[in-house]
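Summary of the model geometry
If you want the building blocks of each chain, they are given just below.
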Protein chains: 2
Amino acid sequence: MEKPYVAGIDIGGQTTKMGIVDARGTVLTQTTIRTDTHSNVNDYITDLCDALTRMALEVGGIEKIRGIGVGAPNGNYYTGSIEMAVNLVWSGNHTIPFAKLMFEKIGIPVALTNDANAAAVGEMTYGAARGMKNFIMITLGTGVGSGIVINGEVVYGHDGFAGELGHTTSVRNNGRQCNCGRTGCLETYTSAIGVGRTAREWLEFSCDKSLLRDLKETITSRDVYEAAVQGDELAKKIFEFTGKKLGESFADFVAFSAPEAIVLFGGLAKAGDLILKPIEESMNANLLNMWKNKIKLVFSQLKESDAAILGASALAWELK
Amino acid sequence: MEKPYVAGIDIGGQTTKMGIVDARGTVLTQTTIRTDTHSNVNDYITDLCDALTRMALEVGGIEKIRGIGVGAPNGNYYTGSIEMAVNLVWSGNHTIPFAKLMFEKIGIPVALTNDANAAAVGEMTYGAARGMKNFIMITLGTGVGSGIVINGEVVYGHDGFAGELGHTTSVRNNGRQCNCGRTGCLETYTSAIGVGRTAREWLEFSCDKSLLRDLKETITSRDVYEAAVQGDELAKKIFEFTGKKLGESFADFVAFSAPEAIVLFGGLAKAGDLILKPIEESMNANLLNMWKNKIKLVFSQLKESDAAILGASALAWELK
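Residues numbered from 1 in each chain as written. Chains lettered and ligands numbered in written order. Predicted model: local features only at pLDDT ≥ 70, side-chain atom pairs only at ≥ 80, totals over all residues. Heavy atoms only, no water.

**Some words on the overall build of chain A**
To keep it simple, the criterion reads: For helices the rule is a DSSP run of H or I covering at least 4 residues; for strands it is a run of E covering at least 2, with both sets numbered from the N terminus onward. Any residue under 20% of the maximum accessible area for its type is buried, any over 50% is exposed, and the rest in between are partly exposed; the area is computed with a 1.4 Å probe on protein chains only. Here, two residues are considered to be in contact whenever any of their heavy atoms come within 4.5 Å of each other. Note that accessible areas follow from Shrake-Rupley with a 1.4 Å probe, and for residues the cover is restricted to the protein chains shown. Under this rule, positive means Lys or Arg and negative means Asp or Glu; His and the chain ends count for nothing. By convention, the charge on Lys lies at NZ, on Arg at CZ, on Asp at CG and on Glu at CD.
From N to C terminus, chain A includes 9 helices and 13 strands. Expressed as lengths along the three principal axes of its C-alpha atoms, the size of chain A is roughly 60 × 45 × 35 Å. Sorting the 320 residues of chain A into buried and exposed places 59% on the buried side. Long-range pairs, those at least 24 residues apart, make up 61% of the contacts in chain A between residues at least 6 apart in sequence. Accessible area for chain A stands at about 13,400 Å²; split by element, carbon and sulfur atoms hold 48% of it. Taken together, the 31 basic and 36 acidic charged side chains of chain A have centroids lying 3 Å from each other.

**Here's the deal with the relation of the copies chain B and chain A**
Counted only if it meets this: Residues reaching a pLDDT of at least 70 in both copies supply the C-alpha atoms on which the copies are superposed by least squares.
It takes a turn of 180° to lay chain B on chain A, together with a shift of 0.0 Å along the axis; the resulting RMSD is 0.0 Å. Such a combination of turn and shift is consistent with a two-fold rotation axis. The rotation axis passes nearest to the C-alpha of Arg172 of chain B in chain B, at a distance of 3.8 Å. A share of 100% of the interface residues of chain B reappears at the interface of chain A, consistent with the copies meeting face to face through the same patch.

**Regarding the state of the cysteines**
Residue and element names in this part refer to chain A. Put simply, the test is: Note that a disulfide, as used here, is simply two cysteine sulfur atoms within 2.5 Å.
This model, assessed by the stated rule, comprises 0 disulfides over all chains. Looking at the unpaired Cys185, the closest cysteine sulfur is the one in Cys180, lying at 3.7 Å. For Cys185, a relative accessible area of 0% puts it in the buried group.

**Looking at the pattern of salt bridges**
Put simply, the test is: Definition used for salt bridges: Asp or Glu carboxyl oxygen within 4 Å of a side-chain nitrogen of Lys or Arg.
Under the criterion given, the structure shown has 26 salt bridges over all chains. Two residues, Glu248 of chain A and Lys244 of chain A, come together in a salt bridge whose shortest N-O distance is 3.0 Å. A residue pair is termed a helical-turn pair when its members lie 3 or 4 positions apart in one helix, as Glu248 of chain A and Lys244 of chain A do in helix H7 (residues 233-257) at 4 residues. Its relative accessible area of 5% is what places Glu248 of chain A among the buried residues. Taking the relative accessible area as the measure of exposure, Lys244 of chain A reaches 43% and is therefore partly exposed. The residue Glu304 of chain A makes a salt bridge to Lys270 of chain A at a minimum N-O spacing of 3.3 Å. Separated by 34 residues along the polypeptide, Glu304 of chain A in helix H9 (residues 304-317) and Lys270 of chain A in the loop between strand E12 (261-265) and helix H8 (273-286) bring together distant segments of the chain. What makes Lys270 of chain A partly exposed here is its relative accessible area of 46%. Put simply, Arg172 and Arg182 of chain A together with Lys244, Lys245, Glu248 and Asp252 of chain B are held in one network by salt bridges that share partners.

**Describing H8 of chain A**
All names here are of chain A. Our working rule: Multiply 1.5 Å by the residue count of a helix minus one, and that product is the helix's expected span.
Helix length check: H8, at 14 residues, gives a terminal C-alpha distance of 19 Å against a target of 20 Å (1.5 Å per residue), a fit within 8%. For H8, every residue scored as buried is listed here: Ile275, Leu276, Pro278, Ile279, Ser282, Met283 and Asn284. Lining the buried residues of H8 we find H7, E12 and strand E13 (296-299).

**Overview of the packing of helix H1 (residues 41-56) of chain B against helix H2 (residues 98-106) of chain B**
All names here are of chain B. Applicable threshold: Note on definitions: angles span 0 to 180 degrees between N-to-C directions of axes, and those axes are lines fitted to C-alpha atoms, for helices only across the stretch in contact. Here the word oblique covers every angle except those under 35 degrees (roughly parallel), over 145 (roughly antiparallel) and from 65 to 115 (roughly perpendicular). Handedness of a crossing is defined here by the sense of rotation of the near helix relative to the far one, left-handed for an anticlockwise turn of less than a right angle and right-handed for a clockwise turn. Under this grouping Gly is polar, as are all residues other than the nonpolar Ala, Val, Leu, Ile, Met, Phe, Trp, Tyr, Cys and Pro and the charged Asp, Glu, Lys and Arg.
One can describe the packing of H1 onto H2 by two numbers: an axis separation of 10 Å at closest approach and a directional angle of 50°. As summarised for this structure, H1 and H2 are arranged oblique, according to the angle between their axes. H1 and H2 meet at a crossing whose hand is right-handed. Along the contact surface, H1 presents Val41, Asn42, Tyr44, Ile45, Thr46, Leu48, Cys49, Leu52 and Thr53, while H2 presents Phe98, Leu101, Met102, Lys105 and Ile106. Here the contact of H1 with H2 is composed, by residue class, of 10 nonpolar, 3 polar and 1 charged.

**What about the pairing of strand E9 (residues 135-140) of chain A?**
In the case of a regular strand, side chains alternate between the two sheet surfaces. Residues and elements named next belong to chain A. Short version of the rule: Strands pair, by our definition, only if DSSP identifies at least two bridges between them.
Among the 6 residues that make up E9, 6 are buried, leaving the element largely enclosed by the rest of the structure. In this structure, the hairpin formed by E9 and strand E10 (residues 144-150) is closed by a connection of 3 residues. Direction of pairing for E9 relative to E12: parallel, over a ladder of 5 bridges. Its bridge partner being in E12, Ile138 is matched across the sheet by Leu264.

**Thoughts on the interface of chain B and chain A**
So the rule is basically this: What gets called buried area is simply the loss in accessible area from a 1.4 Å probe that two parts show on being joined, summed for both. Two N or O atoms form a polar contact when they lie within 3.5 Å of each other; inside protein one atom must be a possible hydrogen donor and the other a possible acceptor, and for residues adjacent in sequence the pair counts only when both atoms belong to side chains.
Between chain B and chain A, the residue contacts involve 40 residues of the former and 40 residues of the latter. Of the roughly 3,300 Å² buried between chain B and chain A, counting both surfaces, carbon and sulfur atoms make up 55%. Considering only the surface of chain B that becomes buried against chain A, His158, Arg172 and Phe256 of chain B emerge as the three largest contributors, covering 24% of it. Scanning the region where chain B abuts chain A turns up 6 salt bridges. Remark: the boundary between chain B and chain A carries 18 residue pairs in polar contact (both at pLDDT 80 or more). Mapped by element, the contributors of at least two residues to the side of chain B that touches chain A are strand E10 (144-150) and helix H7 (233-257) of chain B. It is H7 of chain B that contributes the most residues to the side of chain B that touches chain A, 7 residues altogether. The residue makeup of the side of chain B that touches chain A, split by class, is 19 nonpolar, 13 polar and 8 charged.

Here you go:
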């Protein structure tokens, strides 16, 4: 094969990760650049293409790269644009025709979507969803993202922004305030930040002894995990509550697209059975009878350090 | 064209409607048979094929029919089976390989799905969703059904049963008991029966004067509509409540598939602005900012008496 590799680029607010990947999903080489040191997108893209070209020398040069996949906040697959991504200094309130700018600079086809959709394609190409045509990817990180695959294709919707399941409603009345301006979003309960909020709320309103009590102000989902592993009852209850919320929402997602599986990725997914068991129980309790105990619930099979690059790179294999 | 027509068959618990349709969506001829007079499915299919063959004589004979589309409760598009449809006497707890049985009898290809999915295909082929690739059909009848179209194709999911949006959760805690065994399903609030339940509940717990008060035991959504048209305040509030519930759920559906439009069909949709305005307000209040005032909310454009036949018939054009 003349062009045996693809490149994957994952754009975060501070750091951009990139790597070169072969058809088996091996990350052959990877590097990072800063995202936030350029206020002008053209300067950023120059930096990005320079770094990519340098990195490509390790695998025989940039001409070995068949395509580039980019995962970016507010990435629109249809237009190849990054639309008003407030966390990216060079986007802000603007729409950046990112794929076009990058293609003009480097001469290799570029596909772009948001990070959760990229994760779904990565899982389908190299990970836990290989061979699956219908599944839902849920990324449990700072926020809750999702990538929905139906008939083997990511659902982008009419405008390119489908799959915002973190902003479906978990609590209808008096729900927690969300950054998006709404209240009660699933994300406010089940993201890493949501789990921290639960912990602080519960510590305030209960007197139970807990390892978490000393950490009160700075508590993170990792602290809750570590306490739970040590047998802390409050921490275990926080996972049960978080899993219950996820399971309730998952049951509604299943009613929508009847997936074969729901694939979990991200920090919270590392809690293993502590989070999986309560999700499973709650999901099955809330599913219609025909789906009870039939929907697989699995963790991502991609190594965390490679997952963002793999996900983005997988998009590039689909470029025509 | 040698075979210029398709047949559409809509199987209900008591009555089966069928008709022959041309490519413009004109129902050239139609008839009905009883569904519930045969306990054996083979007898029913014999009756059905006889009626269809007789009817076809009016358009030049059965050889003018290119394909047959069937809308049936629990119809599985992938397998062509009707699976445990308790409302059909000849199905009950059994799985009936309906498309296969009918094809063996009549020699014309048969496609089968449930009635809400058929309605979605009908709307896409002949109605309000012509030209749309991404929309959600909501049927507001005795129950609440849905057909989801993504990239121009109905979503059937992994098992053939995707699109049960009437059984997503509208009220998470202390919700109304649903026939499906769960509580709080959207259907329990917004189906014709749900609207009747709301009316009876509200009449019981309020002393407000209302035209509905005399009808208390037998009240239907049609009664609520007629009272609302006459200016009855309670009846108008019932529509506002029903619309609010639908709008809240629609906002979550949009977060899933980012459709261009939501298309409403069924008895309740006839209430026009009485139901449309509160749905619109509630949906926009609950949508993420990027979707506010951008999702079309439209009524079916198919004549009610023809809609079920048209929907089923539209499936047949897609037969390979």
